[in-house]
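One letter stands for each residue in the lines below.
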Amino acid sequence: MNNLKKIVLAEDNSTLSLLLKFRLEKEGYQLFIAEDGKKAIELIEENNPDLILSDIMMPFISGLEVISHVRNKLKVTTPIIVFSAAGQEEMVLKAFNLGANDFMGKPFSPNELVIRIKRLIP
Amino acid sequence: MIDFQFLLDYYNNLPSLIKLVWGLVGLLIIVIIDFLLYLKYLRSHLRDEEILSKKLFADYETNLINFLYAGNNEIKVSNEQQKIIDKMVFCVEDKFKRGIFISVLSKLKNEISGEMAIDINNLFLKTGLINYSLKKLNSRKWDEIASGIKELTQFEITNVYDDVSKLENHEKQEVRNEVQLYYVNLFQFKGLEFLNNLKSPISEWNQIQLLEILQKFDDQEITDISPWLKSENDSVVLFALKLAKIYNQFQSIDILLDLVSHKTKEIRVKSIEVLSYFQVKEAKSIIKSNFSERSIEEQISFFKMLLDVADSDDENFILENTNHHNFELKLIAFTLLKKLNSKKLQSIIQASQNIENEKIFNYLEVN
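Rules used in this analysis
- Residues numbered from 1 in each chain as written.
- Chains lettered and ligands numbered in written order.
- Predicted model: local features only at pLDDT ≥ 70, side-chain atom pairs only at ≥ 80, totals over all residues.
- Heavy atoms only, no water.
- Helix = DSSP H or I, 4+ residues; strand = E, 2+ residues; numbered from the N terminus.
- Expected span 1.5 Å × (residues − 1).
- Buried < 20%, exposed > 50% of the residue type's maximum accessible area, 1.4 Å probe, protein only.
- Contact = heavy atoms within 4.5 Å.
- Pairing = 2+ DSSP bridges.
- Right-handed = clockwise from strand over helix to strand, strands pointing away.
- 1 Å grid on protein atoms, 1.4 Å probe; cavity = no way out; pocket = protein on both sides within 12 Å on 5 of 7 lines; lining within 4 Å.
- Points joined across faces, edges and corners; volume = space filled by probe spheres on them.
- Nonpolar A, V, L, I, M, F, W, Y, C, P; charged D, E, K, R; others polar.
- Buried area = accessible area lost by both parts, 1.4 Å probe.
- Salt bridge = Lys/Arg side-chain N within 4 Å of Asp/Glu carboxyl O.
- Polar contact = N/O pair within 3.5 Å; in protein donor to acceptor, adjacent residues only side chain to side chain.
- Core = buried A, V, L, I, M, F, W, Y, C linked by side-chain atoms within 4.5 Å.
- Domains from an automatic or database assignment.
- Axes fitted to C-alpha atoms, helices over the stretch in contact; angles between N-to-C directions.
- Left-handed = near helix turned anticlockwise from the far one by under 90°.
- Lys, Arg positive; Asp, Glu negative; His and termini not counted.

A few words now on helix 2 (residues 16-69) of chain B. Over its 54 residues, helix 2 of chain B extends 78 Å from the first C-alpha to the last, a length consistent with the 80 Å expected when each residue adds 1.5 Å. Burial in helix 2 of chain B covers these residues: Leu-56, Tyr-60, Glu-61, Asn-63, Leu-64, Ile-65, Phe-67, Leu-68 and Tyr-69 of chain B. Residues of helix 2 of chain B that are buried sit in contact with helix 1 (14-26) of chain A together with helix 3 (79-91), helix 4 (95-109) and helix 5 (115-126) of chain B.

All names here are of chain A. With five of its five residues buried, strand 3 (residues 51-55) lies for the most part within the structure. Burial along strand 3 is two-sided: the residues Leu-51, Leu-53 and Asp-55 and Ile-52 and Ser-54 are all buried. Pairing geometry for strand 3 and strand 4 (residues 80-84), over four bridges, is parallel. Residue pairing for strand 4: Ile-52 is matched across the bridge by Ile-80. For the crossover from strand 3 across helix 3 (residues 63-73) to strand 4, the handedness is right-handed.

Over the atoms rolls a probe the size of a water molecule, and in doing so it shows where empty space is left. Space inside the largest pocket adds up to approximately 1600 Å³. Contributing to the lining of the largest pocket are 38 residues, with Lys-106 and Pro-107 of chain A together with Asn-110, Asn-185 and Lys-216 of chain B lying nearest its centre. Elements with a contribution of two residues or more to the lining of the largest pocket: helix 4 (89-98), strand 5 (102-105) and helix 5 (110-120) of chain A together with helix 5, helix 7 (142-154), helix 9 (173-187) and helix 10 (204-216) of chain B. Taken together, the residues of the lining of the largest pocket break down into 14 nonpolar, twelve polar and twelve charged.

Residue and element names in this part refer to chain A. Bridge count for strand 1 (residues 5-10) against strand 2 (residues 29-34) is six bridges, and the pairing is parallel. If you follow Lys-6 over to strand 2, its bridge partner there is Gln-30. Following the backbone out of strand 1, through helix 1 and into the adjacent parallel strand 2, one traces a crossover that is right-handed.

Looking now at the interface of chain B and chain A. Taken together, the contact pairs 16 residues of chain B with 15 residues of chain A. Counting each side, the surface lost to burial between chain B and chain A is near 1500 Å², with a carbon and sulfur contribution of 62%. When the area that chain B buries against chain A is broken down by residue, the three leading residues are Ile-65, Tyr-69 and Glu-111 of chain B, summing to 42%. Counting across the chain B and chain A interface gives one salt bridge. Here Glu-111 of chain B ties to Lys-106 of chain A by a salt bridge, and the two come within 2.6 Å at their closest N and O atoms. Connecting chain B to chain A are nine residue pairs in polar contact (both at pLDDT 80 or more).

With that settled, consider the nonpolar core. By size, the foremost hydrophobic cluster in this structure holds 111 residues, and its most contacted members are Leu-53 and Ile-117 of chain A together with Leu-192, Leu-243 and Phe-303 of chain B. For this core, the element with the most residues is helix 12 (residues 234-246) of chain B, which contributes eight residues. Lining this core are residues from two domains, each supplying at least three of them: domain 1 (51-71 + 80-127) and domain 2 (310-367) of chain B. With near-sequence residues (within four places) excluded, Leu-192 of chain B lies in contact with Val-184, Leu-214, Trp-228, Phe-239 and Leu-243 of chain B.

In this section: the packing of helix 15 (residues 282-289) of chain B against helix 16 (residues 296-309) of chain B. Residue and element names in this part refer to chain B. Two numbers describe how helix 15 lies on helix 16: the axes approach to 11 Å, and their chain directions differ by 145°. Crossing hand, helix 15 versus helix 16: left-handed. In this structure, helix 15 contributes Ala-283, Lys-284, Ile-287 and Lys-288 to the contact, and helix 16 contributes Phe-302, Met-305, Leu-306 and Val-309.

Right, let's talk about the sheet that holds strand 1 of chain A for a bit. Within a sheet, neighbouring strands are paired by backbone hydrogen bonds and run either parallel or antiparallel to one another. All names here are of chain A. Read across the open sheet, the five strands follow the order 2-1-3-4-5; overall the sheet is parallel. Either end of the sheet is taken by a strand with one partner, and the two such strands are strand 2 and strand 5. Going from strand to strand, the sheet's axes swing by 20° on average, the running direction of each strand aside. Running at roughly 145° to strand 2, helix 2 (residues 37-47) makes contact with strand 1, strand 2 and strand 3 of the sheet.

A few words now on the side chain of Arg-176 of chain B. Residues and elements named next belong to chain B. By the element assignment, Arg-176 lies in helix 9. Buried charge without a partner: Arg-176 forms no salt bridge, and the closest opposite charge is Glu-174, 7.5 Å away. Once residues within four sequence positions are removed from consideration, Arg-176 is found in contact with Glu-168, Asn-169, His-170, Glu-171, Ser-200 and Pro-201.

With that out of the way, let us pick up unusual backbone geometry. Looking along the chain, the bond that leaves Lys-106 of chain A and enters Pro-107 of chain A is cis, with omega of 0°. Structurally, the position occupied by Pro-107 of chain A is in the loop between strand 5 and helix 5. Phi at Glu-156 of chain B is positive, roughly 50°, even though this residue is not glycine. Looking at where Glu-156 of chain B falls in the secondary structure, it is placed in the loop between helix 7 and helix 8 (161-165). Judged by its relative accessible area of 44%, Glu-156 of chain B falls in the partly exposed class.

Another point: the pattern of salt bridges. What the rule picks out here adds up to 23 salt bridges over all chains. Residue Glu-193 of chain B is joined to Lys-190 of chain B by a salt bridge in which the shortest nitrogen-to-oxygen separation is 3.5 Å. For Glu-193 of chain B, a relative accessible area of 36% corresponds to the partly exposed category. We note a salt bridge from Glu-298 of chain B to Arg-268 of chain B, for which the minimum N-O separation is 2.9 Å. Of this pair, Glu-298 of chain B sits in helix 16 while Arg-268 of chain B sits in helix 14 (residues 265-278), and the two are 30 residues apart along the sequence. What you see here is one network of salt bridges that share partners, running through Glu-11, Asp-55 and Lys-106 of chain A together with Glu-111 of chain B.

If you want it as structure tokens, here you go:
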């Protein structure tokens, strides 16, 4: 019986994904990594995660489309944290309108991310 | 053997010109075969290099993550971290491996902040990568120099200011751009002091980049921009005008008033725009005194300014310009007239026989 809380991480930067995987697994979460939005949707549908972390700009399907898919097609309320780069303020607003719960601007501190995750899935 | 002899005899009996052509054909075939073999070698070499590059990238990524999580709060560098440093010191001696390791570090450095970002900077120092970046500053190739400065900026190496500042007036704009980004990224507003001695122009793109970097900092206290507004370098003045507007430099209004008479048209136009933003009424009399001698861009800019600061004293001046040859200026003049004295505008509309003005009047009726 696996009781670990599941997180899907959609991020096209492999180094950042690896860093967060190490950190979040150490904190007791089970990580599923997607390098693009298409893979992220597959992982979300397969694993029904407790939290989704998604970059906004990704190949094939953007983070905004991932949020829209989760909220409008799957109709689930799984907390979503989006990552955005500088100058993507409008995208962040769109993400919130689509149903994102929180956002972190890049570059961000992994420690701060852990605090935000713990607040959303205690 | 008989066939071969027959071919040899046939060749010997050919005219010299045909012999030469056959010789060239043979040579060409040899060259093409060599070329194909070389392409085959090149393709397999590039594929091998790509495979190796991916393998090394993944390996260095893991090393980097292990380094970042192997930290011990009690001592500066843990044993495990030291082992990784030693391994990487050896690896970065090779140019190919060094390039891959730097790209791994850069890829993560762009995405994270806090203690881990500082640890990445330390790894850049401890693996000796800083020495390779500094060596690039003395290269004869401008792209090598620019890349060296970029690395020093990215990994926040502040103690090489003197080495970087020697390249402040480099002949290549790309190098100068990187020097300027180094200053501002690492020394914030204090880094703008390079503007005091800058002889070469700052590109428009770099001005935008510098402003964007400055806006990221928590401390938004700007140093005195007056010397830059008085600079002999036009691009420095134009950049300072942008700073004056963004950072509300009201204390520079007297210099801005002088700039409306600057020798460069672009500076005159931009200074009118900044004065307009600050709604400085004193600028009106200065510009009006030689309005007709000014360029059309300055005249339009001034009329846009009047949209915010015009009062009844300006009515006659505006009225004079309702017959201006420039359509945009004429439109603004009528808009101002509507705002200041709508009765006067109505009497002009009734008396008007000008078809072009009809379009303006129709527009003003609904706006």
